[in-house]
Amino acid sequence: MTAARWGEVKTVLASLLETDPSQRAAELDRLCGSDSELRSSVESLLALEQKADALLDSAGAPGAAWRAEAPAPETIGAYRVVKEIGRGGMGVVYLGERADGQYRKQVAIKLITAAHPDAQTGRRFERERQILAQLEHPGIARLLDGGATAGGQPYFIMEYVDGLPLLEFCRRGPLGVSERLLLFLQIADAVAYAHRRLIVHRDLKPGNILVTAEGQAKLLDFGLGQIIGGQQPGDEITQAGPAPMTPAYASPEQIRGESYTVAGDVYSLGVILFELLAGRRPYPATTNYLDLARAICDADAPPLADAVDANAPHAASLRRRLRGDLETIVAKALEKDPRRRYPTVDEFAADLRRFQEGRPVMARKPTWRYRAARMVARHRIAVPAGALALLLIVGFAAFGWWEARRSERRFNQVRGLAHAVMFELYDAIAPLPGSTAARALLGRRALEYLENLSQEAGGNRSLQREVALGYARIGEVEGDLAQANLGRVPDSLESLRKGAGILERLAAGSPGDRGLRHESLRAAIDLARAYGQAGQFDAEIALARRTVASAEPAAGAQPGDAVATSDLEAALAALADALINQKRYPEAIASRERVQDLARRLVSLHDSQEAQRSLALAEKRLAALYGVTGRLDDCRREYELARTIDEQRCARNPQDMRAKIDLSFDLSDLGWAAGAMNRLDDALEFHRKALDLRQQAAQADPQDFRAAGAVAASMRKIGLVFKKMAKPREALAEFEQAVQRYGELSRRPGAGWATVRSLAETRSDIAETWTDLAQAHATAAAQRRADYLAAAGEYEQARALLAGLRDQGKLPKSEWPNVDGMASLAQKARRNAQ
Amino acid sequence: MAPQDVAQLLVRIGEGDKAALDEMTPLVYDELRRLAQRLLAAERPDHTLQPTALVHEAYLRLVGQRSVDWRNRAHFLGVAATMMRRVLINHAKARNAAKREGFSNAVTLEDAFGIFPSPAIDVLALNYSLDELDKLDPQQGKVVELRYFGGLSIEETAECLGISPATVKREWGTARLWLLRHMEGPAQP
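Residues numbered from 1 in each chain as written. Chains lettered and ligands numbered in written order. Predicted model: local features only at pLDDT ≥ 70, side-chain atom pairs only at ≥ 80, totals over all residues.

Helices and strands together make up the secondary structure of chain B, namely nine helices and zero strands. Along chain B, from the amino end to the carboxyl end, the secondary structure elements read α-α-α-α-α-α-α-α-α. The 189 residues of chain B split such that 48% are buried. Look at the contacts in chain B between residues 6 or more apart in sequence, and 66% of them connect residues 24 or more apart. (Helix = DSSP H or I, 4+ residues; strand = E, 2+ residues; numbered from the N terminus. Buried ≥ 20, exposed ≤ 12 C-beta atoms within 10 Å, placed from the backbone. Contact = placed C-beta atoms within 7 Å.)

Let's shift gears to the overall build of chain A. What chain A contains, in helices and strands, is 34 helices and nine strands. Counting across all 834 residues of chain A, residues that qualify as buried make up 43%. Put simply, 58% of the contacts in chain A that link residues at least 6 apart link residues at least 24 apart.

Residues of chain A with pLDDT of at least 70 account for 79%, and the chain-wide mean is 80. Note that residues 368–409 of chain A has pLDDT below 50 and, in this model, 46 contacts with residues that lie over four places away or in other chains. (pLDDT = per-residue confidence, 0-100.)

We now examine the pairing of strand β8 (residues 209–212) of chain A. Residues and elements named next belong to chain A. Looking at chain direction, strand β7 (residues 163–165) and β8 are connected through three bridges and run antiparallel. Directly across from G163, in β8, lies its bridge partner T212. The turn joining β8 and strand β9 (residues 217–219), which pair antiparallel and follow one another in sequence, is formed by four residues; a positive phi near 85° is taken by G215. (Pairing = 2+ DSSP bridges.)

We now examine the sheet that holds β7(A). Residues and elements named next belong to chain A. In space, the three strands of this open sheet follow the order β7-β8-β9, with antiparallel pairing throughout. Where the open sheet ends on each side, the last strands, each with one partner, are β7 and β9. Strand-to-strand twist across the sheet, computed as the mean angle between neighbouring axes with direction ignored, equals 35°. The strands touched by helix α8 (residues 177–196) are β8 and β9; relative to β9, the strand with the most contacts, the crossing angle is about 35°. (Axes fitted to C-alpha atoms, helices over the stretch in contact; angles between N-to-C directions.)

All names here are of chain A. Orientation of helix α24 (residues 562–581) relative to helix α25 (residues 585–605), taken along the N-to-C sense of each, is 155°, at an axis distance of 9 Å. Of the possible angle classes, the one that applies to α24 and α25 is roughly antiparallel. Judged by the twist between their axes, the crossing of α24 over α25 is left-handed. Residues A562, T565, S566, L568, E569, L572, A573, L575, A576, L579 and I580 of α24 form the contact with α25, whose participating residues are E587, A588, S591, R592, R594, V595, L598, A599, R601, L602 and L605. For the contact of α24 with α25, a count of residues per class yields 14 nonpolar, three polar and five charged. (Parallel < 35°, antiparallel > 145°, perpendicular 65-115°, else oblique. Left-handed = near helix turned anticlockwise from the far one by under 90°. Nonpolar A, V, L, I, M, F, W, Y, C, P; charged D, E, K, R; others polar.)

What follows concerns the environment of L17(A). All names here are of chain A. As for its position among the elements, L17 is in helix α1 (residues 3–17). With 17 C-beta atoms packed within 10 Å, L17 lands in the partly exposed category. Separated by 29 residues in the primary sequence, L17 and L46 place their C-alpha atoms 7.9 Å from one another.

To continue, consider the pairing of strand β4 (residues 106–112) of chain A. Residue and element names in this part refer to chain A. Along β4, five of the seven residues are buried, which leaves the element largely enclosed by surrounding structure. Pairing of β4 with strand β6 (residues 154–159) involves five bridges; the strand directions are antiparallel. Within β6, the residue paired with L111 across the bridge is Y155.

A separate point is the packing of helix α29 (residues 680–700) of chain A against helix α30 (residues 705–724) of chain A. Residue and element names in this part refer to chain A. Interhelical geometry of α29 versus α30 gives an angle of 160° and a closest axis separation of 9 Å. The orientation of α29 relative to α30 falls into the category roughly antiparallel. Read as a crossing pair, α29 and α30 show a hand that is left-handed. Between α29 and α30, the contacting residues are L680, A683, L684, H687, R688, A690, L691, R694, Q695, A697 and A698 on the first element and A707, A708, A710, V711, S714, M715, K717, I718, V721 and K724 on the second. Here the contact of α29 with α30 is composed, by residue class, of 14 nonpolar, three polar and four charged.

In this structure, W6(A) sits in helix α1. Classification of W6(A) by C-beta neighbours within 10 Å gives partly exposed; the count is 19. In sequence terms W6(A) and S41(A) are 35 residues apart; their C-alpha atoms lie 9.5 Å from each other. With residues near it in sequence (within four places) discarded, W6(A) still touches M1(A), L136(B) and D137(B).

Residues and elements named next belong to chain A. For helix α23 (residues 537–557), with 21 residues, the first-to-last C-alpha span of 31 Å sits near the 30 Å given by 1.5 Å per residue. At A551, α23 is deflected by roughly 30°, the largest bend along its length, and proline P553 occurs up to four residues later in sequence. Taken as a whole, α23 has its buried residues at E540, I541, L543, A544, T547, V548, A551 and A555. Taken together, the buried residues of α23 touch α22 (514–533) and α24. (Expected span 1.5 Å × (residues − 1). Bend = angle between axes of the 7 residues up to and from the residue.)

In this section: the environment of L670(A). Residues and elements named next belong to chain A. Along the polypeptide, L670 turns up in helix α28 (residues 657–676). The spatial distance from the C-alpha of L670 to the C-alpha of A690 is 9.8 Å, given a sequence separation of 20 residues. Excluding anything up to four places from it in sequence, L670 contacts R636, Y639, R643 and F686.

Residue and element names in this part refer to chain A. Positive phi outside glycine occurs at K583, with the angle close to 60°. Position of K583 among the secondary structure elements: in the loop between α24 and α25. Since 11 C-beta atoms lie within 10 Å of it, K583 is described here as exposed. At N678, a residue that is not glycine, the phi angle is positive and equals roughly 65°. Topologically, N678 is positioned in the loop between α28 and α29.

Right, let's get into the confidence of the model for chain B. All names here are of chain B. Mean pLDDT over chain B stands at 67; residues scoring 70 or higher make up 49%. Across residues 38–53, where pLDDT falls below 50, the model places 16 contacts with residues more than four positions away in sequence or in other chains. Within the model, pLDDT remains below 50 along residues 101–119, and this stretch shows 30 contacts once partners closer than five positions in the same chain are excluded. Interface predicted TM-score (ipTM) for the complex: 0.75; the corresponding pTM is 0.39.

If you want it as structure tokens, here you go:
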């Protein structure tokens, strides 16, 4: 059946299902007309109606079992539950009455399900309940009682307010500006009353305000945010998350997760007043939280009058009414900087009363100077990073270097400060969580100053060198950022390119400067690797070749120079990696054989742990290349050499996790070689030893990406050995574990394309295993079909992962055919399932 | 992953971003599995978790309490439905395998949920037919997934898919019939 035909059948069918059975025959005639095929399709489906009720009933569906809500309790505390009247993030609200019938007063019962019932929560609720019970104000729905259910869930008994939500009440009136202001003042007075008792609301919004038929505004949920958030000073640390908020009414500081004060309620009241008067909120309605957060933190609210919809009735006169003092008052409440808002709700309300009485208001239009300052500061506010870093950035602006005069003294001061920022502070704040963005910003700023100075100073070489090193560092940090935000990749490459370019020019200008040559080569190597990470493989190979050529002369002329030797080694290693990325193995082997020679030379020049490790690495990398090109004996020999070195390192220092990981790689690769030589029991043994070491390392440092990735890789490899042993069940179990780990890793910040590729490869392994199983179940048709379908599903997932990488330009071209390969395997499996 | 990231994922899912759904699914699955394991390990014997409570707790842990937006909850339930479908299918396959090979897994997540489909329905066959319906009519396929595997109400399904409750009702009513016929009969033209 085609989709179009099903659409027709569906329309008729739906209409008949809604028709009384006695009328259906006539309706069927009318709807199908002469289309007998349509008619027979509909009839055959309609005949299944009762059976569908029995078999595919939504109430009997598996979903219903796990969604089944606990039925509403009959009583809560001393109250009988009448019905559910609301449901939100915190819990359920019921309408209730006194169970003992003492007096028939209706109450709202708020059952909090958003907290984990335990003793600590219980104590906190009890304390808060006592505080809230003090709030007695006509504008605040009273807290009557509270407690905990037998199951430990806290509940509040609140005054039941029979009213309309604020905005709806105003619309129905409809209320004019003066009436709306009077209503708003009721609300403001209630909030001010609570503030005097040191209770802030935290979640003020029109939906939390009901207006009774008598025109009394009542605030609901006062202080509940505080209870849920549990963030009062002196409170123990609780496992409850941050307090609830409604982004559309939240202040910039609340969005940024800073501490909540009275100023936050002032701001939220400002938004409410804005909406009451202009008919919409200051910032565009969007479901994208980030956009909204950005607008709240960065964008200026439009003037109140401009926000009025031009098509609204009496728009012109409303705008005239709002222009001027009201606009200024609202703008003051909505200031980004809490210190520039009304310090208290009372003062906010007092200014509104002055306006109503026609007296001069206290709020002033912001001066142009203030606006200009905010323009400058705006870009910095958006980055919630280490407070220290922010302080420094703002400090820069205050320092006013930009206008620094060109005198010698100034020059040195600026240079010294920029240098300190770039090379000392920068490192100092690096360990702060979330400081990457701040470092990038800080570095950029310092770099601007350095570059400016460098231009002023003409050909000052040491200054240029500082600028170049600055670019290299910025490029590195931007590279980190790029992992989270691919838009930053070009920034990072551009910075690295600039830095490497300057250093290359400087080094060419003074061939005798060994330090400069070293810095220049290293910057070039970093840039080449960054090209590779960005998926620009041709650029990577070209630059690596050029760098090898630049490093050759010095290393050849001074074989005893460890720095020159290791620079050449690093350049050759980068070249080999670039070639490996493109699967150009024979060329890579040539580079790697040279790397190994140089590593031996370095050990002989200066024997150290680090040099030993490099040598072991060099042997391993070479071994791997022998392995993939089928030279298995060479491969095993090199790995055994590496294993010997790494075992010695582990024995010398059992706490050295890096040595353990290194050894695990030796073992894992020996396992691969054994597998390739068809010695499967040996292979399993090697891989299990490797997995054990890796798990030790991963447990020692859960943040260690490499260790965690290695655990997943080992699991996959064990799976592959099982598969080869024709033990598909064991293989699947290992693969599934690997998939889970890779999936988790690929979502970590800093995960690269290779993790996603590993995930895709493992999925494809799973698919192959299902195919094996399907073939093994030649007799059980239904099972075979299910196995093939499972295989198809896995191939499809693998294809989607690889296609995603390809579309982002991250998959090496040589692997592009795998995308279609996966698709055709999936199709084949689906065909086999038929 | 931080709650606000999850909340953003949910918002993106709400905007129809399929990549966000792919990202979210394993999170939900892992979280549920983790909670179920903890439940089974009787780490907190005093804490009786009902399946619903489990899902609710997973939601709170993943999304945090900052997001009280009901729409987010609808999208979360949508993701959970997709996940439950996979859980059930895996479970059915594992059960078949167990029958075949005579071994039984230790307690699974599926057991912890206590979700077993009606024995009258072969869930693998249903899944197969649902895949076919997905191809024919993706929106209708989604409605079935949410209603049948996710246990979403008509209103929740409507919220999740951004369509009217009346449409959901029609889609569900007709889809059931189509599925039954597809599972039972010879393939229709």
